[in-house]
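Okay, here's what each chain looks like letter by letter:
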Amino acid sequence: MDARKAIMVTVVLVMLGYLMMWIIMPTNLYRYTWTPKLKAKMTSTYFGTQAQSILIYTVPMILIAVLASVYLHLGKQSHGDYAAIRKEKKGSKLAIWRRPVIIKGPLGIVSGVELSFLVMFVALLAWSLSTFLHVGYGRLAPQVGEKRWLAKWEATVFRLGLTGNICLALLFYPVTRGSTILQMFGLTSEASIKYHMWLGHTLMAFFTAHGLGYLLFWVVSGQISEALKWEKVGVSNVAGEIALLSGLILWIATFPRIRRKMFEVFFYTHHLYIVFMLFFFLHVGISYAFYMLPGIFLFIIDRYLRFLQSRQRVRLLSARVLSCQAIELNFAKNPSLTYNPTSNIFINIPAVSKLQWHPFTITSSSNLESDRLSVMIKVGGNWTRKLYDMVSSSPVDRLEVSVEGPYGPASNHFLRLDLQIKAYVTKQKQESSLDHLTQPQCTWFKPHNSDAPISPSLGQNGHLWVGAIIASSFISFLIFMGILTKYLIYPIDHNTNKVFSTWERTVLYLLVLCICIAITSSFAVIWNKKRNGMEAKQIVSLEGVTPKATPGSQYYNADRELESLPLQSIFESTEVHYGERPNLKRLLFDLKESNVGVLACGPQGLRHEVAAICASGLADNLHFESISFTW
């Protein structure tokens, strides 16, 4: 067994154990038998009474993230050719499970594998809630009449909140763009957004029922003053209400009618997640928050690394304004930066919007263009319209641009393809004689001394650096948390959790956590930035150099050889059809190869049609994948 297989086996075993602990958490066995024994053995002056939750619910996922980093680093060094990958996929018994089984509906396009995991997750929620209620009702004091009814009401809404915490524990994994865990299992953050949406809706349904249920309980029982209490020790009701209010505002803005028609409203209100998480931790206390901490911990690391990368302005070389209301942006990049097909970057242009970041698929190849990175941007909203008008209508000497990424699949399944391009021009019946005469408008930008080529923020060994950051920041957090507990909290509280303020303890621990992340991440980025700076000096400056073929040229890159077939040019591989739409069924069913990956990217209708063809069962060789930034 090689190292990667050993790591995968270890990760699967740890993850199964972690899942098992969530399954048995609601039971009497865990709460009233295991927990007292574990606390008696593990409670100390360094970690207090939360040592048990740290060991069982925090450490396993941190360990998995670190092992995933090593796994990806080893995989980067030992990638085989496409034929080997293709042979492996051909014999895979999971191929049929990857086919879409749900195409239209609120869940979007769902494969058999995704549906299976979704059913298991719903079963986990149902099991947890029913067991929580069974155990809770069984321990109610003997009461009759209205008092027993109110006691059951309170027990029910309390356990709705406990069940919602399962969703919160998983909520941030899908939106951690540089997640090593997602990449280890062949997932990308873009493709995992729908899991975040499913979890978010379910989470807010449970938490809303929990919060409103308590408010109604206090009104009916004559205890409305409870809504205004912020206890020094224990649960803070006011903090929970603030978290719920911010969550409701965020939740409302995520519904499609608002998200798609008023994207700015969705974008800005989504930052309320900071308020939501902060006051949630203040509501439950840091001791209980360790159950949900791993996901948010990894997200904070990823978010801070992206913040550091975004501080650097990148060198925008040129822009081409195309006739179809699209523009192509060409950036300088460090040759050490490599990425796989379908990768994307997030772009921020302060002249358009200082706060908004938008994702775009990279259209260039890092194997063919070692010093260039290109994206194509089609006008589709206020941000893209403003950028298009800015570049096309007035001369611009320089645009300040920041990027995050690239993000994409960890493995490369697109090498050595026999590429054929079929282009369909639906609005023209035939090729116009003016098509060859119309040249794209080209703008060359003057670089600033502070602009730098797009470089990997953590260098070529980025996965190892991410693992090191995760491990070192978590270990340093445990060390400083132990020091705080030993010399500040324990002398006052003596592990009773009844003297030292709960919210003060929570704020202290969160502050230490963020400081540890900031120090370790900043060190890693600064170290690699110096190395990137040395490499950037070796890149020939393009300022003042006249290219052999300008981006405005009719034949710019037209005769370039393709990465998939070195002796094949783009013109030789392109077939243009005018005045008709593609017959997708005929195109796909005519593919007789034994294993055909079908990648759909475009409007929702197109993706649904392609998914339906691949799911029809009429062609066993078709395997569906999709890319979409419209959710």
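Structure's up top.
Residues numbered from 1 in each chain as written. Predicted model: local features only at pLDDT ≥ 70, side-chain atom pairs only at ≥ 80, totals over all residues. Heavy atoms only, no water.

Participant: Sorry, what's going on with the overall build of the protein here?
Facilitator: Helix and strand counts for the protein stand at 20 helices and 13 strands. By residue count, 45% of the 631 residues in the protein fall in the buried class. Contacts in the protein between residues at least 24 apart in sequence constitute 76% of all its contacts with a sequence separation of at least 6. (Helix = DSSP H or I, 4+ residues; strand = E, 2+ residues; numbered from the N terminus. Buried < 20%, exposed > 50% of the residue type's maximum accessible area, 1.4 Å probe, protein only. Contact = heavy atoms within 4.5 Å.)

Participant: Any chance you could explain the packing of helix α8 (residues 189-220) against helix α12 (residues 273-284) here in plain terms?
Facilitator: How two helices sit against one another is set out by the angle between their axes and by the gap between those axes. In contact at an axis separation of 15 Å, α8 and α12 are set at 50 degrees when each is read in the N-to-C sense. Classed by the angle they form, the pair α8 and α12 counts as oblique. Two packed elements cross with a definite hand, and for α8 against α12 that hand is left-handed. Of α12, the residues touching α8 (which contributes L203, M204, F207 and H210) are F276, F280 and H283. When its residues are assigned to classes, the contact of α8 with α12 shows 5 nonpolar, 2 polar and no charged. (Axes fitted to C-alpha atoms, helices over the stretch in contact; angles between N-to-C directions. Parallel < 35°, antiparallel > 145°, perpendicular 65-115°, else oblique. Left-handed = near helix turned anticlockwise from the far one by under 90°. Nonpolar A, V, L, I, M, F, W, Y, C, P; charged D, E, K, R; others polar.)

Participant: Any chance you could explain the environment of V401 here in plain terms?
Facilitator: Topologically, V401 is positioned in the loop between α15 (382-393) and β8 (402-407). Separated by 85 residues in the primary sequence, V401 and L316 have C-alpha atoms spaced 7.2 Å apart. Look past the residues within four positions of V401 in its chain and what remains in contact with it is Q312, R313, V314, L316, F331, I347, N348 and I349.

Participant: Help me understand the pairing of strand β7 (residues 372-378), please; the structure alone is not making it clear to me.
Facilitator: Looking along a regular strand, one sees the side chains alternate between the two faces of the sheet. Within β7, 5 of the 7 residues are buried, which leaves it mostly tucked inside the rest of the structure. Both strand β4 (residues 326-332) and β7 contribute to a ladder of 7 bridges, which runs antiparallel. Directly across from A332, in β7, lies its bridge partner R372. (Pairing = 2+ DSSP bridges.)

Participant: Help me out: how do you make sense of the sheet that holds β4 in this one?
Facilitator: Through backbone hydrogen bonds, the strands of a sheet pair up, either in parallel or in antiparallel fashion. Spatial strand order, β7-β4-β3-β10: 4 strands in an open sheet with antiparallel pairing. Single-partner strands in this sheet number two, and they are β7 and β10 (441-444). Going across the sheet, the axis of each strand differs from the next one's by a mean of 15 degrees, ignoring polarity. Its contacts with the sheet put α15 on β3 (316-322), β4, β7 and β10, and the angle it makes with β3 is roughly 100 degrees.

Participant: Explain the nonpolar core to me, please; I cannot follow it from the model alone.
Facilitator: The nonpolar side chains of a soluble globular protein tend to be buried with one another. With 83 residues, the main nonpolar core has Y57, L168, F297 and F477 as its most contacted residues. Looking at this core, the element that brings in the most residues is helix α3 (residues 51-77), giving 11 residues. Apart from the residues within four sequence positions on either side, F477 is in contact with F290, Y509, V512, L513 and C516. Core analysis: the second largest hydrophobic core is formed by 30 residues, V321, L337, I377 and V403 among them. (Core = buried A, V, L, I, M, F, W, Y, C linked by side-chain atoms within 4.5 Å.)

Participant: What is the right way to look at helix α16 (residues 462-493) in this model?
Facilitator: Structurally, the α-helix is built with 3.6 residues per turn, so residues lying three or four positions apart point the same way. The largest bend in α16 is about 40 degrees, located at T485. After α16 finishes, the residue H494 shows a positive phi value of roughly 55 degrees. (Bend = angle between axes of the 7 residues up to and from the residue.)

Participant: Just to check I follow, could you spell out the packing of α8 against helix α9 (residues 237-252) for this structure?
Facilitator: Orientation of α8 relative to α9, taken along the N-to-C sense of each, is 135 degrees, at an axis distance of 10 Å. Judged by the inter-axis angle, α8 sits oblique to α9. Here the hand of the crossing between α8 and α9 comes out left-handed. Taken together, the residues of α9 that come into contact with α8 (itself represented by H201, M204, A205, F207, T208, G211, L212, L215 and W218) are N237, E241, L244, G247, L248 and W251. Looking at side-chain class alone, the contact of α8 with α9 contains 9 nonpolar, 5 polar and 1 charged residues.

Participant: Even after reading the chapter, I still don't get the environment of D302, so can you show me in this structure?
Facilitator: The topology assignment puts D302 in helix α14 (residues 293-310). Considering only alpha carbons, one finds D302 and V466, 164 residues apart in sequence, at a separation of 8.8 Å. Not counting the four nearest positions on each side in its chain, D302 is found in contact with T176, R177 and G178.

Participant: What am I meant to see in the layout of surface pockets here?
Facilitator: Of the voids in this model, the second largest pocket is the one considered here, and its volume is about 1500 Å³. In terms of lining, the second largest pocket is formed by 48 residues, of which the most central are F158, L162, V235, V284 and Y288. Secondary-structure elements contributing two or more residues to the lining of the second largest pocket are α2 (28-42), α3, α6 (145-171), α8, α9, α12, α13 (286-289) and α17 (502-536). In terms of residue count, α8 provides more of the lining of the second largest pocket than any other element does, 7 residues in total. Residue composition of the lining of the second largest pocket, by class: 22 nonpolar, 19 polar and 7 charged. (1 Å grid on protein atoms, 1.4 Å probe; cavity = no way out; pocket = protein on both sides within 12 Å on 5 of 7 lines; lining within 4 Å. Points joined across faces, edges and corners; volume = space filled by probe spheres on them.)

Participant: Can you help me understand the side chain of Q52 in this one?
Facilitator: Position of Q52 among the secondary structure elements: in helix α3. With a relative accessible area of 3%, Q52 lands in the buried category. Within the structure, the side chain of Q52 is placed 2.9 Å from the side chain of Y30, a separation counted as a polar contact. Those residues in contact with Q52, other than ones at most four positions away along the chain, are Y30, T35, L38, K39, M42 and Y291. (Polar contact = N/O pair within 3.5 Å; in protein donor to acceptor, adjacent residues only side chain to side chain.)

Participant: How should I be thinking about unusual backbone geometry in this particular structure?
Facilitator: Trans is the common state for peptide bonds, and a negative phi is the common state for residues other than glycine. Going from G405 to P406, the amide bond is cis rather than trans, its omega being 5 degrees. Unusually for a residue other than glycine, N495 sits at a positive phi of about 60 degrees. For N495, the position within the fold is in the loop between α16 and α17. Residues other than glycine seldom take positive phi values, yet N497 does so here, at roughly 55 degrees. Here N497 shows up in the loop between α16 and α17. The class of N497 is partly exposed, set by a relative accessible area of 28%.

Participant: What exactly am I supposed to notice about a nonpolar patch on the surface here?
Facilitator: Together, V9, V12, L13, L16, L19 and F185 line one region of the surface with nonpolar side chains, adding up to about 510 Å² of accessible area. Summarising the element assignment, F185 is placed in the loop between α7 (180-184) and α8. (Patch = residues over 30% accessible without salt bridge, like charges linked within 9 Å, V, L, I, M, F, W, Y side chains within 5 Å. Areas by Shrake-Rupley, 256 points an atom, 1.4 Å probe, with all protein chains shown as cover. Salt bridge = Lys/Arg side-chain N within 4 Å of Asp/Glu carboxyl O.)

Participant: Honestly, the pattern of salt bridges in this entry has me stumped. Any pointers?
Facilitator: Scanning all chains against the criterion turns up 12 salt bridges. E404 is the salt-bridge partner of R177, the closest N and O atoms lying 2.8 Å from each other. With R177 in the loop between α6 and α7 and E404 in strand β8, the pair connects residues that are 227 residues apart, well separated along the chain. Between E226 and K229 there is a salt bridge; the shortest N-O distance is 3.0 Å. Its relative accessible area of 31% is what places K229 among the partly exposed residues.

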